[in-house]
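# Descriptive structure summary
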Amino acid sequence: MADYEKVDDETLQSLKDVANKLRIHSIRATCASGSGHPTSCCSAAEIMSVLFFHTMRYKAQDPRNASNDRFVMSKGHAAPILYAAWAEAGFVEESRLLDFRKVDCELEGHPTPKAEFVDVATGSLGQGLGAACGMAYTGKYFDKSSYRVYCLLGDGECSEGAVWEAMAFASYYNLDNLVAILDVNRLGQSGATPLQHDTETYQKRCQAFGWNTSIVDGHDVEELCRALWQAEQTKGLPTAIIARTFKGKGLAGIENEDNWHGKPIPDDCAESLLSELQGLIGSSKPLCPKLPIEDMVSVDLSPISLPSLPAYKLGDKVATRRAYGFALVKLGDACQRVVALDGDTKNSTFSEIFRKFHPERYIECFIAEQNMVSVAVGCATRDRCVPFVSTFGAFLSRAYDQLRMAAISQSNINLVGSHCGVSVGEDGPSQMALEDLAMFRAIPTCTIFYPCDAVSTERAVELAANTKGICFIRTTRPDTTVIYPAEEKFEVGCAKVVQQSENDKVTVIGAGVTLHEALAAAEELAIEGVNIRVIDPFTIKPLDNATIVSSAQATGGRIIVVEDHYKEGGLGEAVCSILTKECGIVVKTLAITTVPRSGKPQELLDLYGISAKAIVRAVKDVIAT
């Protein structure tokens, strides 16, 4: 390791001055808004000063430059000091800080990408480090670039298990371009944190997870400069800097006192405190951020197309989960930005096929679904990657908060959930995704694909790669018959009427496994002289309103929805939601209404009333009423 060159006294004083300027900006911003977390900002002032004006390399007027170092404010409630840092760097107008939290201002209560210098939204604690891992992994293994990633965490959020999932991930993948700074200010929202100022225990925990770790006085700019320099010299390990700080540092009568979290400084004492801080500023030496090393290759953002038509033939039997694996390989052949992540289920989701052909673009995240989603969000930042995340659909519920925050982050990530519904069979209810459609329907930026065969699965993967926001592809365990020719065109929000006649009595809407049950029911009913119209929605969100309404009208206003999902929040409710203004249409839903049990797939479809037999009965009942 090279010898450390001590920072000159004038620069150290300027860093101290910047720290106090950041405190002043944070107090003024929170006073102007009448809300916010100034004491949480004050504990991090020296950390932010040294990071932004001594250590990090970035273009202040081009915050999303691909070569810039990355910064993630995991303790998102300290947003004002992040905004203050960018004001001191010259990107944000100082007067704009006083619009903090106003409805027409991008400087929101917690950071979101509405501000150009924010890559990922934070504020739901414990998620920032996982996203930083995704950025660091991308920088080291995909971009092979010089940029580094810094993440500031609060000590309170270190009670979140997601933090330690990220810690394990970073050390396993030797992310030596990643630095986590723990702002150990002792106080949480409603009382002291579990370890308070026991920095040695924090250090032992980080070391146990395989991190290079040091303890510093978080208000000593020279110690911070040295620790961050040493982090840059460390190879093969991520670095955690445990910074002992005080909440409300520099504010007389408030520093290290409880019951100040999330409260602006009262007007009757704010001016005196600001005056005291202003009096500590003495240096006139300006500090400018270091410029980045520009070694990034530009990425091709043109639409991604599959290089060939699906190779499946009509009548082939292929599980959609397997078709997903082959489709992803083809997509990876077409575009170097496509990457795959899995949580130790690759031999069930069939992402292992992608791993076989593109091992350099596959990330094994192990059984840590929360971190896996956060890593994907980090990978997707600045359009460096097009991530596809796969696991059992049921296990994505663990990461729902990460998915919710991904939407706030305006992230473009794709989730693929396999083993959906009771058609999973003998593995039983713990493995069956039965809430997933409800979960993803509630995410505002989400598009939901539910392919029924291998051809539509391949097209769903292609469309998802080109669709902004979060995409969820629901795949299933059993083999299903290929019903679409390779040349079939698919679009988001366009359903397929797979069977119809001029005298259809009922419209039946099925998806995935239940579409095939509906087709089997149609065949049986046709023998008895009863014709039904069968619709494959292809996307559950958005639905093809026009096709569903026109089909309902053509079949006497009678619709049956059959789904391998709980009734609440599923396809049936989605269909009902688009028919609220339509008169004379009655919807009957066949869905799972109780916690299921183990059994053979067909037995379970029969038992829970979503098989061809149940559809036949329901059609006859609807016609008879």
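Note that the structure is predicted; figures quoted are calculated from it, not measured.

Another point: the overall build of the protein. Tallying secondary structure elements over the protein gives 21 helices and 19 strands in all. Relative to its length of 625 residues, the protein is compact, with a C-alpha radius of gyration of 28 Å against a globular reference of 25 Å. Dimensions of the protein, computed from C-alpha atoms along their principal axes, come out at roughly 90 × 50 × 40 Å. Of all 625 residues assigned to the protein, the portion counted as buried reaches 61%. Contacts in the protein between residues far apart in sequence, at least 24 positions, make up 79% of those at least 6 positions apart. Carbon together with sulfur atoms contributes 48% to the accessible area of the protein, which is approximately 23,400 Å² in total. A distance of 3 Å separates the average location of the 61 positive side-chain charges in the protein from that of its 79 negative side-chain charges.

Once that is clear, we can look at the nonpolar core. Core analysis: the largest hydrophobic core is formed by 80 residues, its most contacted members being L129, L178, L415 and F440. Per-element tally for this core: the top contributor is helix α5 (residues 128-142), with 8 residues. L129 has contacts with S74, C151, L153, V163, A166, M167, L178, A180 and W211, leaving out every residue within four places of it along the chain. With 67 residues, the next largest nonpolar core counts V318, V508, I532 and V622 among its residues.

According to the stated counting rule, one finds 0 disulfides in the structure shown. Not engaged in a disulfide, the cysteine C41 finds its nearest cysteine sulfur in C42; these two sulfurs lie 6.7 Å apart. Cysteine C385 is unpaired, with the sulfur of C379 as its nearest cysteine sulfur at 5.1 Å.

Its place among the elements puts H219 in the loop between β4 (212-217) and α8 (221-233). For H219 and I47, which are 172 residues apart along the polypeptide, the C-alpha to C-alpha distance reads 7.4 Å. Side chain to side chain, H219 and E46 meet in a polar contact 2.8 Å long. Here the side chain of H219 touches F246 through a polar contact of 2.9 Å, landing on its backbone nitrogen.

With that out of the way, let us pick up helix α3 (residues 45-55). By the criterion of burial, α3 is predominantly enclosed, with 11 of the 11 residues buried. All buried positions along α3 are accounted for by A45, E46, I47, M48, S49, V50, L51, F52, F53, H54 and T55.

Annotation from UniProt places "domain: Transketolase-like pyrimidine-binding" (unreviewed entry) at residues 318-482. For residues 318-482, the helix share is 39%, the strand share is 21%, and the end-to-end C-alpha distance is 7 Å.

On to the environment of S146. Within the element layout of this structure, S146 appears in the loop between α5 and β2 (149-154). Relative accessible area serves as the criterion here: at 34%, S146 is assigned to the partly exposed category. Placed 288 residues apart in sequence, S146 and L434 show a C-alpha to C-alpha distance of 44 Å. Apart from residues lying up to four places away in sequence, S146 is in contact with D69, I293 and D295.

Here we take up the sheet that holds strand β9 (residues 386-392). The strands making up a sheet associate through hydrogen bonds between their backbones, and the pairing can be parallel or antiparallel. The strand order across the open sheet built from 7 strands is β8-β7-β9-β10-β12-β11-β17, with neighbouring strands paired in mixed fashion. The open sheet terminates on both sides in strands that have one partner only, identified here as β8 (362-364) and β17 (539-541). Mean inter-strand twist for the sheet, computed between neighbouring axes without regard to direction, equals 20°. Note: strand β11 (residues 446-449) against β17, 2 bridges, orientation antiparallel. Note that in β17 the partner of I448 across the bridge is K541. Where helix α13 (residues 369-380) meets the sheet, it contacts β7 (338-342), β8, β9 and β10 (414-418), and its direction lies at approximately 170° from that of β9.

Turning our attention to the packing of aromatic side chains. Scanning the model with the defined rule gives 23 aromatic pairs in all. With centroids separated by 4.7 Å and ring planes inclined at 45°, the aromatic side chains of Y137 and Y141 adopt a geometry described as tilted. In this pair, Y137 and Y141 are both assigned in helix α5, 4 residues apart and thus about one turn of the helix distant. Given a relative accessible area of 28%, Y141 falls into the partly exposed group. Residues F449 and F538 carry aromatic rings whose centres are separated by 5.8 Å and whose planes lie at 70° to one another, so their mutual orientation is edge-to-face. With F449 in strand β11 and F538 in the loop between β16 (532-536) and β17, this residue pair connects regions lying 89 residues apart in the sequence.

Our next topic: the sheet that holds β4. Read from one edge of the open sheet, 5 strands run β1-β2-β3-β5-β4, paired in parallel fashion. Sheet topology places β1 (70-73) and β4 at the edges, where each strand pairs with a single neighbour. When strand polarity is set aside, the average angle formed by the axes of neighbouring strands in this sheet is 20°. Pairing of β2 with strand β3 (residues 178-184) involves 6 bridges; the strand directions are parallel. Counted as the bridge partner of G154 is D183 from β3. The sheet contacts of α8 involve β2, β3, β4 and β5 (239-244), and relative to β4 the element is tilted by about 170°.

Here the residue pair K541 and P542 is connected by a cis peptide bond, since its omega of 0° sits within 30 degrees of zero. Residues other than glycine seldom take positive phi values, yet N259 does so here, at roughly 70°. Structurally, the position occupied by N259 is in the loop between β5 and α9 (267-279).

Where β4 lies against β5, 6 bridges are found, and the strand directions are parallel. What sits directly across from T213, in β5, is A240. What joins β4 to β5 is α8, and the crossover it makes is right-handed.

What follows is about the pairing of β9. Of all 7 residues in β9, 7 are buried, a share of seventy percent or more. With 5 bridges joining them, β7 and β9 adopt parallel strand pairing. Following the sheet pairing, V338 is matched in β9 by V386. Pairing geometry for β9 and β10, over 5 bridges, is parallel. In the strand pairing of β10, S390 is matched with V416. On the question of chirality, the crossover connecting β9 to the parallel β10 by way of helix α14 (residues 400-408) is right-handed.

Helix-helix packing is characterised by the crossing angle of the two axes and by the distance between the axes. One way to put it is that α3 packs onto helix α4 (residues 79-88) with a least axis distance of 10 Å and a crossing angle of 40°. Considering the angle they form, α3 stands oblique to α4. The way α3 lies across α4 gives a crossing that is right-handed. Of the residues in α4, those in contact with A45, M48, F52 and F53 of α3 are I81, L82, A85, W86 and E88. A breakdown of the residues in the contact of α3 with α4 according to their chemical character gives 8 nonpolar, no polar and 1 charged.

Calculation notes
- Residues numbered from 1 in each chain as written.
- Predicted model: local features only at pLDDT ≥ 70, side-chain atom pairs only at ≥ 80, totals over all residues.
- Heavy atoms only, no water.
- Helix = DSSP H or I, 4+ residues; strand = E, 2+ residues; numbered from the N terminus.
- Rg over C-alpha atoms; globule rule 2.2 N^0.38 Å.
- Buried < 20%, exposed > 50% of the residue type's maximum accessible area, 1.4 Å probe, protein only.
- Contact = heavy atoms within 4.5 Å.
- Areas by Shrake-Rupley, 256 points an atom, 1.4 Å probe, with all protein chains shown as cover.
- Lys, Arg positive; Asp, Glu negative; His and termini not counted.
- Charge placed at Lys NZ, Arg CZ, Asp CG, Glu CD.
- Core = buried A, V, L, I, M, F, W, Y, C linked by side-chain atoms within 4.5 Å.
- Disulfide = S-S within 2.5 Å.
- Polar contact = N/O pair within 3.5 Å; in protein donor to acceptor, adjacent residues only side chain to side chain.
- UniProt positions renumbered as here; feature names shortened; annotations may be inferred.
- Pairing = 2+ DSSP bridges.
- Axes fitted to C-alpha atoms, helices over the stretch in contact; angles between N-to-C directions.
- Phe/Tyr/Trp six-rings, centres within 6.5 Å; stacked < 30°, edge-to-face > 60°.
- Right-handed = clockwise from strand over helix to strand, strands pointing away.
- Parallel < 35°, antiparallel > 145°, perpendicular 65-115°, else oblique.
- Left-handed = near helix turned anticlockwise from the far one by under 90°.
- Nonpolar A, V, L, I, M, F, W, Y, C, P; charged D, E, K, R; others polar.

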